[in-house]
Amino acid sequence: MTQTFNFDINQLLDELAEKIRRHPRFNHQIKLIGIRTGGEWIAQGLHQRLGLENPLGVLDISFYRDDFSKIGLNPAVQPSSIPWSVDDESIFLVDDVLYTGRTTRAAMNEIFDYGRPAAITLVALVDRKGARELPIQPDICALQMQCHQTLKLTGPEPLTMTLLEDDSIPMAETP
Amino acid sequence: MSARLTPPNLQLNEQGKLKHFLTLEGLKQHHLVEILDTAESFINPHNPNDIKKVPLLRGKTIMNLFFEPSTRTRTTFEIAEKRLSADVVNLNISASATKKGESLLDTMWNLEAMQADMFVIRHAESGAAHFFAQHVAPHVHVLNAGDGQHAHPTQAMLDMFTIRKLKGDIYDLKVAIVGDILHSRVARSQIQALSLMEAREIRVIGPKTLIPPFPESLGVHVYHDMETGLDDVDVIIMLRLQNERMQGALLPSEREYFNLYGLTEKRLAYAKPDAIVMHPGPINRGVEIDSAVADGPQSVILQQVTFGIAVRMAVMSIIMSNAAQLAQSQTTDDTEERPA
């Protein structure tokens with residue numbers, strides 16, 4: 001039977017922002033990049049909460065996907081917007097859900113086409129475990145869940161996240 | 001002018017999407033809009049002159065076959081291919097096998113055997129790209145980089161992109177194309193593109209000898225003098241006088257042509273104050289355009305060249321993307337989950 005569960009997205013963003021603030025690499029000069037579309041929404045919420053000095057960067061990884069030869073180009077592709085140099089900067093890369101890890105791989109490749117950052121810290125609102133296909137793990141996340149659970153993020157205004165289906169309840173927070 | 005060289009569906013696949021890009025004839029507005037929107041995504045929003053390299057066509061081989069001289073088109077195609085990470089092969093046709101008597105089709109089949117995925121073709125004969133497209137293997141794509149007096153679709157698309165980028169919605173604009181309409185594949189493709197984009201008004205301006213017969217059938221307004229033709233237009237597209245394609249005396253002299261149809265600052269003043277001046281290049285200063293205009297603030301001639309890279313990247317990636325989607329739809333396995 002399908003159940004749904006609505007998350008309090010603002011509370012999750014508050015938690016995520018707090019974890020970023022406590023991260024050793026955090027300072028107010030870090031550069032935040034959101035991955036279009038969901039990651040951009042999350043990053044916007046974080047950018048506000050963290051009071052960062054630099055404008056938000058947005059990556060559209062459509063041109064970097066590894067499945068172009070299978071599924072073609074995303075027709076809704078838009079330009080990436082990185083309004084500053086990435087060279088020697090500490091970048092916090094934000095996505096909504098970390099799942100196979102392929103999006104993160106594509107995003108990191110794109111970032112390196114812009115330059116050589118000093119460091120990339122991976123922030124995911126949700127770490128969806130059990131289906132990772134690449135050796136990529138989040139540095140910071142607000143929620144962990146199993147891969148049989150499906151999430152639906154809608155936004156940007158209002159931003160909502162719903163857990164669809166199955167019998168389980170959202171799982172424990174990360175330590 | 002009216003000869004229909006391309007059957008409407010040759011350049012479209014079973015899903016109605018671009019397979020080759022030969023002409024604008026037979027395409028729909030959505031095909032053009034897709035090209036323009038995709039081109040936009042290759043341009044750095046913080047610096048319109050910056051077009052980044054992406055790994056989209058890695059492992060694909062694109063062969064540029066230029067049977068006719070070209071600087072801008074050939075170079076921007078090559079840059080576009082490299083920015084898409086494709087492997088690029090430029091064939092120096094004049095020094096190649098065709099000189100030794102090999103037929104065009106034999107040349108093409110040999111190049112196919114060398115694992116070409118796409119041919120970009122410029123040829124002095126109208127219909128050359130179309131001829132290639134009829135005979136290539138099903139997985140090979142053909143782009144027309146100018147064939148005779150027929151079509152130059154990527155030039156027209158980069159012009160549409162330039163207009164949309166700098167002037168906004170083409171639907172609201174009055175556009176004048178000035179010069180040798182008769183011999184110009186660029187003008188032909190531009191008129192088709194402007195019609196498909198539903199430009200408010202398309203004008204052609206030139207001497208009677210350089211306007212094709214029955215211009216009304218193209219849906220354009222014809223003017224024979226610059227002052228009335230340029231009145232209140234938003235976009236002026238100047239064409240090069242194509243002496244190499246003219247047979248017989250169509251014009252008294254270049255000087256007289258300049259006196260009558262050259263774009264000077266004085267004539268430019270008849271257009272809207274914020275009108276842009278375009279030219280597909282190469283420009284002939286003092287023949288169709290005065291240096292003061294070509295180098296002036298309203299000239300966007302060099303921006304056209306830069307945008308040409310993004311537009312050609314868009315066309316090539318859309319064609320390869322359509323092929324991928326078609327192949328995917330033909331496999332029965334649709335269990336694949338959206339990765340990443």
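Residues numbered from 1 in each chain as written. Chains lettered and ligands numbered in written order. Predicted model: local features only at pLDDT ≥ 70, side-chain atom pairs only at ≥ 80, totals over all residues. Heavy atoms only, no water.

Help me understand the nonpolar core in this model?
General note: in soluble globular proteins, nonpolar side chains tend to be found buried as a group. Within the largest apolar cluster, 87 residues are counted, with the highest numbers of intra-cluster contacts made by Phe21, Phe42 and Ile177 of chain B. At 11 residues, helix H11 (residues 301–330) of chain B tops the list of elements feeding residues into this core. Filtering out sequence-adjacent residues up to four positions away, Phe42 of chain B remains in contact with Phe63 of chain A together with Asp50, Ile51, Lys52, Val54, Leu56, Leu84, Ala310, Met313, Ala314 and Ser317 of chain B. Within the second largest apolar cluster, 31 residues are counted, among which are Ala17, Leu32, Ile140 and Ala142 of chain A. (Core = buried A, V, L, I, M, F, W, Y, C linked by side-chain atoms within 4.5 Å. Buried < 20%, exposed > 50% of the residue type's maximum accessible area, 1.4 Å probe, protein only. Helix = DSSP H or I, 4+ residues; strand = E, 2+ residues; numbered from the N terminus. Contact = heavy atoms within 4.5 Å.)

Help me understand the confidence of the model for chain B in this model?
Detailed conclusions should not be drawn from predicted coordinates in areas where pLDDT is low. All names here are of chain B. Mean pLDDT over chain B works out to 90, with 91% of the residues at or above the 70 mark. For the stretch residues 334–340, pLDDT sits under 50, and the model shows 11 contacts to residues farther than four places along the chain or on other chains. Model confidence for the complex: the whole-complex pTM is 0.90, and ipTM, which rates the interface, is 0.83. (pLDDT = per-residue confidence, 0-100.)

Quick question: what am I supposed to make of the sheet that holds strand S7 (residues 221–223) of chain B here?
In a beta sheet, neighbouring strands are held together by backbone hydrogen bonds and run either parallel or antiparallel to one another. Residue and element names in this part refer to chain B. Read across the open sheet, the five strands follow the order S7-S6-S5-S8-S9; overall the sheet is parallel. Two strands close off the open sheet at either side, each with one partner strand: S7 and strand S9 (276–278). The sheet shows a mean angle of 20 degrees between the axes of neighbouring strands, direction not considered. In the sheet, strand S5 (residues 174–178) pairs with strand S6 (residues 201–205) via five bridges, with the strands oriented parallel. (Pairing = 2+ DSSP bridges. Axes fitted to C-alpha atoms, helices over the stretch in contact; angles between N-to-C directions.)

What should I look at first to understand the side chain of Asp60 of chain A in this one?
Residue and element names in this part refer to chain A. Relative to the helices and strands, Asp60 resides in the loop between strand S3 (57–59) and helix H3 (68–71). Assessed through its relative accessible area of 5%, Asp60 is described here as buried. For Asp60, the side chain forms a polar contact with the side chain of Arg36, separated by 3.4 Å. At 2.9 Å, the side chain of Asp60 and the backbone nitrogen of Gln78 are in polar contact. Apart from the residues within four sequence positions on either side, Asp60 is in contact with Arg36, Ala76, Val77, Gln78, Ser80 and Glu110. (Polar contact = N/O pair within 3.5 Å; in protein donor to acceptor, adjacent residues only side chain to side chain.)

What is the right way to look at the packing of aromatic side chains in this model?
Any aromatic ring pair is given by two values, namely how distant the centres are and how the planes are angled relative to each other. Inspection of the entire model under this criterion finds five aromatic pairs over all chains. Between the aromatic rings of Phe63 of chain A and Phe42 of chain B, the centroid separation amounts to 4.3 Å while the plane-to-plane angle is 10 degrees, which identifies the pairing as stacked. Residue Phe63 of chain A is found in the loop between S3 and H3, and its partner Phe42 of chain B is found in helix H1 (residues 29–42); the two belong to separate chains. Here the two residues Phe63 of chain A and Phe42 of chain B agree in accessibility, since each one is buried. A ring pair is formed by Phe119 of chain B and Phe132 of chain B, whose centres lie 5.9 Å apart and whose planes are at 85 degrees; its orientation type is edge-to-face. With a gap of 13 residues between them, Phe119 of chain B in strand S3 (residues 118–123) and Phe132 of chain B in helix H4 (residues 128–135) connect regions that are remote in the sequence. Judged by its relative accessible area of 2%, Phe132 of chain B is buried. Its guanidinium or amino end placed over the ring of Tyr99 of chain A, Arg128 of chain A lies 4.1 Å from that ring's centre, counting from NZ or CZ. (Phe/Tyr/Trp six-rings, centres within 6.5 Å; stacked < 30°, edge-to-face > 60°. Lys NZ or Arg CZ within 6 Å of the ring centre and 35° of its normal.)

Even after reading the chapter, I still don't get the packing of helix H3 (residues 104–113) of chain B against H4 of chain B, so can you show me in this structure?
When two helices pack together, you describe them by how their axes are tilted relative to each other and by the distance separating the axes. Residue and element names in this part refer to chain B. Relative to each other, H3 and H4 sit at 55 degrees, their axes nearing to 11 Å. Judged by the angle between their axes, H3 and H4 are oblique. Relative to H4, H3 is oriented so that their crossing is right-handed. Of H4, the residues touching H3 (which contributes Leu104, Leu105, Met108, Trp109 and Glu112) are Phe131, Phe132 and His135. Considering only residue class, the contact of H3 with H4 consists of six nonpolar, one polar and one charged. (Parallel < 35°, antiparallel > 145°, perpendicular 65-115°, else oblique. Left-handed = near helix turned anticlockwise from the far one by under 90°. Nonpolar A, V, L, I, M, F, W, Y, C, P; charged D, E, K, R; others polar.)

Honestly, unusual backbone geometry in this entry has me stumped. Any pointers?
When glycine is set aside, most residues are seen to have a negative phi, and most peptide bonds are trans. Cis rather than trans, the peptide bond between Arg36 of chain A and Thr37 of chain A has omega equal to 5 degrees. Tracing the backbone through its elements, the reader meets Thr37 of chain A in the loop between strand S2 (31–35) and helix H2 (38–50). Residues Gly155 of chain A and Pro156 of chain A are joined by a peptide bond in cis, for which omega reads 0 degrees. Here Pro156 of chain A is to be found in the loop between strand S7 (150–154) and strand S8 (160–164). The phi torsion at Phe214 of chain B lies on the positive side, around 55 degrees, for a residue other than glycine.

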